[in-house]
Amino acid sequence: QLVMPMASTRLAVPLAALSGNEFEVDVLGLSGVPLLSAVLRSDGRGRSIEISLHSVGTPVARVTQDLEILGADGKFVGTLKRDAGMGDGPQHILRDRDGRPILLLAA
């Protein structure tokens, strides 16, 4: 299991690489070890970010251009919504279909 339920998890992504039209980046754990890979792709459905396990390439999720999160099986997980939040930077909240918060992403 990649993340422990009910526990805080910190991941790092190199922000400079995310500004391009396409990118492939490693998502690092707190120890600096790559855990996931994220690839921005464009196809007939638009742009999406494909997330997979780093060392084996097993798909984990896809983020659509509408910020919908789909599981590896293509099923809807939730939608990322920008939230003004509290603290230094912006944050996003992953909400389920009923609008309930699932996950908080803070910069």
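In this report, the structure presented in the accompanying data block is examined. Note that this is a predicted model, so its numbers are computed, not measured.

Counting six residues, the largest nonpolar core is built from Phe23, Val25, Val27, Leu36, Ala38 and Leu40. Those elements that place two or more of their residues in this core are β1 (23-28) and β2 (34-43). Core analysis: the next-biggest nonpolar cluster, separate from the first, contains five residues, Val63, Ile69, Leu80 and Leu94 among them.

Looking now at the pairing of strand β7 (residues 91-95). Of the pairings in the sheet, the one linking strand β6 (residues 76-83) to β7 comprises five bridges and is antiparallel in character. Paired with Asp83 across the bridge in β7 is Gln91. Inspection of the sheet shows β7 paired to strand β8 (residues 101-106) by five bridges, in the antiparallel sense. Bridge pairing in β8 links Leu94 to Leu103. The turn joining β7 and β8, which pair antiparallel and follow one another in sequence, is formed by five residues; a positive phi near 85° is taken by Gly99.

So, on to the pattern of salt bridges. One pass over the full model with this rule turns up three salt bridges. Ionic pairing is found between Arg41 and Glu50, a salt bridge with its closest N-O pair at 3.0 Å. With a relative accessible area of 29%, Glu50 lands in the partly exposed category. Linking Arg100 and Asp96 is a salt bridge whose minimum nitrogen-to-oxygen distance equals 2.8 Å. Beyond isolated ion pairs, a larger network of salt bridges with shared partners links Asp96, Asp98 and Arg100.

As a further point, take the sheet that holds β1. Sheets are built from strands that pair by backbone hydrogen bonding, the pairs being arranged parallel or antiparallel. Reading across the sheet, the eight strands line up as β1-β2-β3-β4-β5-β6-β7-β8 and stay open at both edges, with antiparallel pairing between neighbours. Only two strands of the sheet have a single neighbouring strand rather than two, namely β1 and β8. The sheet shows a mean angle of 25° between the axes of neighbouring strands, direction not considered. Where β1 meets β2, six bridges bridge the pair, whose relative direction is antiparallel. If you follow Asp26 over to β2, its bridge partner there is Ser37.

About the criteria used
- Residues numbered from 1 in each chain as written.
- Predicted model: local features only at pLDDT ≥ 70, side-chain atom pairs only at ≥ 80, totals over all residues.
- Heavy atoms only, no water.
- Core = buried A, V, L, I, M, F, W, Y, C linked by side-chain atoms within 4.5 Å.
- Buried < 20%, exposed > 50% of the residue type's maximum accessible area, 1.4 Å probe, protein only.
- Helix = DSSP H or I, 4+ residues; strand = E, 2+ residues; numbered from the N terminus.
- Pairing = 2+ DSSP bridges.
- Salt bridge = Lys/Arg side-chain N within 4 Å of Asp/Glu carboxyl O.
- Axes fitted to C-alpha atoms, helices over the stretch in contact; angles between N-to-C directions.

Keep in mind these values describe shape, not function.
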